[in-house]
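# Observations on the three-dimensional arrangement
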Amino acid sequence: MTCADGALPEGVTVFDDGYPGVRNLDPDLLHALREAATDAAQEGVTFYVNSGWRSPERQNRLLRDAVRTYGSKEEAARWVATAKRSRHVVGDAVDLGGTDTTAWLSQHGARYGLCQIYRNEPWHYELRAENACPAMYDDPTQDPRMHQ
């Protein structure tokens, strides 16, 4: 594992610019995350980043691993996108750790434009500028962006 490809060690927060996985997130997404994290910290909640920006090579590796784990490309697609389609590769998605974080965001995230996109991935958040979260897809296979 190398941090240059976007891999992150445990304990990285949305404020840790020393890691490309955080630093290479879309600036607007990162700003919203930091604003929300600052407010959540007042309630004792810390926003840990399990995965943010990823290199295309890392994304492809994760997809290959998912195919091995789930037994088919079709089943793996419910959890991991191709590098061409992944919102992580372009810095538009973040996977956050901790049930306290995801619980806090499910209650307050829309105020910051931070929305859970996939019902099966409560850790995966993206920025929606309209500050109103759209209906969730059951999983990435239902997301039209994954089929373009």
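For clarity, every value in this text was computed on a predicted model and none was experimentally measured.

Each value, and the rule that gives it
Residues numbered from 1 in each chain as written. Predicted model: local features only at pLDDT ≥ 70, side-chain atom pairs only at ≥ 80, totals over all residues. Heavy atoms only, no water. Phe/Tyr/Trp six-rings, centres within 6.5 Å; stacked < 30°, edge-to-face > 60°. Helix = DSSP H or I, 4+ residues; strand = E, 2+ residues; numbered from the N terminus. Buried < 20%, exposed > 50% of the residue type's maximum accessible area, 1.4 Å probe, protein only. Pairing = 2+ DSSP bridges. Salt bridge = Lys/Arg side-chain N within 4 Å of Asp/Glu carboxyl O. Axes fitted to C-alpha atoms, helices over the stretch in contact; angles between N-to-C directions. Contact = heavy atoms within 4.5 Å. Disulfide = S-S within 2.5 Å. Core = buried A, V, L, I, M, F, W, Y, C linked by side-chain atoms within 4.5 Å.

### Concerning the packing of aromatic side chains
- For the structure on display, the rule yields 4 aromatic pairs.
- Plain terms: the ring middles of Phe-47 and Trp-104 are 5.9 Å apart, the flat faces sit at 65 degrees to each other, and that makes the pair edge-to-face. Placement of the pair is Phe-47 in the loop between helix 2 (27–41) and strand 1 (48–51) and Trp-104 in helix 5 (residues 99–108), with a sequence separation of 57 residues. With respect to class, Phe-47 is no different from Trp-104; both count as buried.

### Concerning the pairing of strand 4 (residues 124–127)
- For strand 2 (residues 93–97) and strand 4, the ladder comprises 3 bridges, and the chain directions are antiparallel. The partner of Val-94 across the bridge, within strand 4, is Tyr-125.
- As defined by bridge partners, strand 3 (residues 114–116) adjoins strand 4 across 3 bridges and the pair is classed as antiparallel. Opposite Gln-116, over in strand 4, you have Tyr-125 as the bridge partner.

### What to know about the pattern of salt bridges
- Summed over the entire model, instances satisfying the criterion amount to 11 salt bridges.
- Of the charged contacts, one joins Asp-139 and Arg-78 as a salt bridge, the two residues approaching to 3.0 Å between their closest N and O atoms. Of the two residues, Asp-139 sits in the segment after strand 4 while Arg-78 sits in the loop between helix 4 (73–76) and strand 2, which places them 61 residues apart along the sequence.
- Residue Asp-139 is classed as buried on the basis of its relative accessible area, which comes to 7%.
- Take Arg-78: its relative accessible area is 27%, and that puts it in the partly exposed class.
- Measuring nitrogen to oxygen at the nearest pair gives 3.3 Å for the salt bridge that ties Glu-126 to Arg-128.
- Look at Glu-126 and you get buried, because its relative accessible area is 1%.
- Note on Arg-128: relative accessible area 18%, which makes it buried.
- A network of salt bridges, in which partner residues are shared, links Glu-126, Arg-128, Asp-143 and Arg-145.

### Brief notes about the sheet that holds strand 1
- Reading across from one edge, 1-2-4-3 is the order of the 4 strands in this open sheet, with antiparallel pairing throughout. Where the open sheet ends on each side, the last strands, each with one partner, are strand 1 and strand 3. Here the strands of the sheet are splayed against their neighbours by 45 degrees on average, with no regard to which way each runs.
- On the sheet, helix 5 packs against strand 1, strand 2, strand 3 and strand 4 and is oriented at approximately 125 degrees with respect to strand 2.

### As for the state of the cysteines
- The final tally for this structure, using the stated rule, is 1 disulfide.
- A sulfur-sulfur separation of 2.1 Å characterises the disulfide bridge that pairs Cys-115 with Cys-133. Every disulfide takes its handedness from the sign of the S-S torsion; for Cys-115 and Cys-133 that torsion is -85 degrees, giving left-handed. Placement of Cys-115 in strand 3 and of Cys-133 in the segment after strand 4 is noted, with a sequence separation of 18 residues between them.

### Section: the nonpolar core
- Membership of the largest hydrophobic core comes to 22 residues, with the highest contact counts inside it found for Leu-33, Phe-47, Leu-96, Trp-104 and Leu-114.
- Among the elements of the structure, helix 2, strand 2 and helix 5 are those that each provide at least two residues to this core.
- When residues of this core are assigned to their parent elements, the largest contribution, 7 residues, is made by helix 2.
- Not counting residues up to four positions away in its chain, the partners in contact with Phe-47 are Val-12, Thr-13, Val-14, Leu-33, Ala-36, Ala-37, Ala-40, Leu-96, Thr-101, Trp-104 and Leu-105.
- With 5 residues, the next largest nonpolar core counts Cys-115, Ile-117, Tyr-118 and Met-146 among its residues.

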